[in-house]
Amino acid sequence: MRTPIIAGNWKMHKNVGEALETARQLEESVQGSPVEVVICAPFTSLSALNALGLSKVRLGAQNMYFADQGAFTGEISAAMLLDVGCEYVILGHSERRAIFKEDDELINKKVIQALKMGLKPILCVGETLEERRAGQTEDVVISQTTKGLAGVGADELPKVVIAYEPVWAIGTGETCDAADANQVIGKIRETIAELYTPELAQKVRIQYGGSVKPSNITEIMEQSEIDGALVGGASLNAEDFVAIVKY
Ligand code: PGA
């Protein structure tokens, strides 16, 4: 049995005070939930969130650089994230791919470094609307999964979480049909089974992301292959995020 994992991706929202307030509300309301709950906050709030000493809610970052340290102005290392209590790091989010031109090779270096340092990567994959219309959805997720996981050892694989996020469903209010998402996620699992073994593929948690909200989470979580959600907009409001966690 895979433990469900629901992560909030706050993106570039919330100052420290707002982050603390939302985290406190969340921590109180999700106690006892069987779901693993993660908030991926902006870098600036992580240290203060860590100082809250949250027991149920875990901390994640939204990005990192692959080098140990050095002259990389503006970047953040895995060690820095561990130092402020992060357990997870989102890597290869579609906004990083599209706006900041991150490619599979760079994302893979980050995945390797995160695992080497003891952080659990949430590796995002997903097709654009153009690719979906051209019938390339499966090819895209197979390729991104394969390249993202290159060099990841079998012993490290269960620490990786994959997030299937169709780019056209992110922040648009348009959700991918749950059965459709289940099928693509099944394809991702099949890919992992081919790269490793079917047994190992069963251990990897794969989330759905893209306009997840309280009204559609139940149907999403009912799907056999979907192990959780990566939630953007709806994770900013504690009440909505709690409702999602308690699907
Ligand atoms: P959304 O974002 O829930 O606002 O669509 C999801 C994401 O980008 O991870």
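Right, let's walk through the structure included here. All figures in this text were calculated on a predicted structure; none of them were measured in a lab. (Residues numbered from 1 in each chain as written. Predicted model: local features only at pLDDT ≥ 70, side-chain atom pairs only at ≥ 80, totals over all residues. Heavy atoms only, no water.)

Section: the packing of helix 1 (residues 16-29) against helix 2 (residues 43-51)
Moving on, step 1. The geometry of helix 1 relative to helix 2 is characterised by a closest axis approach of 9 Å and an angle of 50° between their N-to-C directions. By the criterion of interaxial angle, the relationship of helix 1 to helix 2 is oblique. Where helix 1 crosses over helix 2, the two elements pack in a sense that is right-handed. Side by side, helix 1 and helix 2 meet where Val16, Ala19, Leu20 and Ala23 of the first sit next to Thr44, Ser45, Ala48 and Leu49 of the second.
Moving on, step 2. Along the lines of polarity and charge, the residues of the contact of helix 1 with helix 2 split into six nonpolar, two polar and no charged. (Axes fitted to C-alpha atoms, helices over the stretch in contact; angles between N-to-C directions. Helix = DSSP H or I, 4+ residues; strand = E, 2+ residues; numbered from the N terminus. Parallel < 35°, antiparallel > 145°, perpendicular 65-115°, else oblique. Left-handed = near helix turned anticlockwise from the far one by under 90°. Contact = heavy atoms within 4.5 Å. Nonpolar A, V, L, I, M, F, W, Y, C, P; charged D, E, K, R; others polar.)

Considering the pattern of salt bridges
Moving on, step 1. Inspection of the entire model under this criterion finds 16 salt bridges.
Moving on, step 2. Ionic pairing is found between lysine 120 and glutamate 87, a salt bridge with its closest N-O pair at 2.7 Å. Separated by 33 residues along the polypeptide, lysine 120 in strand 5 (residues 120-125) and glutamate 87 in strand 4 (residues 86-91) bring together distant segments of the chain.
Moving on, step 3. For the salt bridge of arginine 189 with glutamate 225, the shortest nitrogen-to-oxygen distance reads 2.5 Å. Of this pair, arginine 189 sits in helix 8 (residues 178-195) while glutamate 225 sits in the loop between helix 10 (217-221) and strand 8 (228-231), and the two are 36 residues apart along the sequence.
Moving on, step 4. On the basis of relative accessible area, glutamate 225 is assigned to the partly exposed category, the value being 21%.
Moving on, step 5. Each member of the salt-bridge network shares a partner with another, and the members are Glu36, Arg58, Glu87, Lys120 and Arg205. (Salt bridge = Lys/Arg side-chain N within 4 Å of Asp/Glu carboxyl O. Buried < 20%, exposed > 50% of the residue type's maximum accessible area, 1.4 Å probe, protein only.)

Points about the site of the ligand
Moving on, step 1. Around the ligand, the surrounding shell holds 14 residues, and the nearest of these are Lys11, His93, Glu165, Gly171 and Ser211.
Moving on, step 2. Within the backbone of glycine 171, a nitrogen or oxygen atom sits 2.6 Å from an oxygen atom of the ligand.
Moving on, step 3. The contact in question runs from an oxygen atom of the ligand to an N or O atom on the backbone of serine 211, over 2.7 Å.
Moving on, step 4. Compared with its free state, where it exposes 280 Å², the ligand has 95% of that area covered by protein.
Moving on, step 5. The class makeup of the residues in the shell around the ligand is five nonpolar, seven polar and two charged. (Near = heavy atom within 4 Å. Polar contact = N/O pair within 3.5 Å; in protein donor to acceptor, adjacent residues only side chain to side chain. Areas by Shrake-Rupley, 256 points an atom, 1.4 Å probe, with all protein chains shown as cover.)

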